[in-house]
Amino acid sequence: MGGIATALLAFLVALSAKGPLVALLVLLGYGGIALLEGKVLIPYIYGRTVGFHPALVLLAIFAFGKLFGFLGIFLAVPMTILGAGILKHWRR
């Protein structure tokens, strides 16, 4: 929700200062950066930090978000790490 509010505020400032074309470019630029950050950079950084493939991190975020809602998004990576540790210990 914060990203949408920030994009809307940037759009309105650009609209009042520079006009509709610049405001649209600001909105598209912000949307592109937010998409790149959320779908590429965050899973890559989480994956490198915890040792999982970025696709697994992204899949965990989607799955836990679908199962547990907004709270599941925050708990996805820690719960995946916990599950992997339990599975690794159980295999021994």
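As shown above, the structure is provided for reference.
Here is a short report on the structure shown in this document.

Reading the values: rules and limits
- Every chain's residues receive numbers from 1 upward, in the order its sequence appears when written.
- Residues qualify for local features only when their pLDDT is at least 70, as the model is predicted, and side-chain atom pairs are given and counted only at 80 or more; totals for whole chains, interfaces and linings, by contrast, use all residues.
- Calculated side-chain values reflect all of the structure's heavy atoms, with hydrogen atoms and water omitted.
- Helix and strand definitions follow DSSP, with helices as H or I runs of at least four residues and strands as E runs of at least two, each counted in order from the N terminus.
- Categorising residues by exposure relies on relative accessible area from a 1.4 Å probe, with only protein chains included: less than 20% of the type maximum marks a residue as buried, more than 50% marks it as exposed, and the intermediate range marks it as partly exposed.
- Residue contacts follow a heavy-atom distance rule, with two residues in contact if any of their heavy atoms lie within 4.5 Å.
- Two rings from Phe, Tyr or Trp (for Trp, the six-membered ring) form a pair when their centres are within 6.5 Å of each other. A pair whose planes differ by under 30 degrees is stacked, one over 60 is edge-to-face, and the rest are tilted.

Some details on the side chain of Thr-80
Here comes step 1: In this structure, Thr-80 sits in helix H4 (residues 70–91).
Here comes step 2: On the basis of relative accessibility, which here comes to 16%, the residue Thr-80 falls in the buried class.
Here comes step 3: Excluding anything up to four places from it in sequence, Thr-80 contacts Phe-52, Ala-60 and Phe-64.

Here's the deal with the packing of aromatic side chains
Here comes step 1: For the structure shown, the criterion picks out 2 aromatic pairs.
Here comes step 2: Considering the side-chain rings of Phe-64 and Phe-68, the 5.9 Å spacing of their centres and the 35 degrees angle between planes classify their relative orientation as tilted. Note that Phe-64 and Phe-68 are positioned in helix H3 (residues 54–68) at a spacing of 4 residues, about one turn of the helix.
Here comes step 3: Taking relative accessible area as the criterion, Phe-68 reaches 54% and is therefore assigned exposed.
Here comes step 4: Judged by centre distance (5.0 Å) and plane angle (85 degrees), the rings of Phe-70 and Phe-74 are edge-to-face. Taken together, the positions of Phe-70 and Phe-74, both in helix H4 and 4 residues apart, correspond to about one turn of that helix. Assigned by exposure class, Phe-70 and Phe-74 land together as exposed.

These results come straight from atomic positions and should not be treated as a statement about function.
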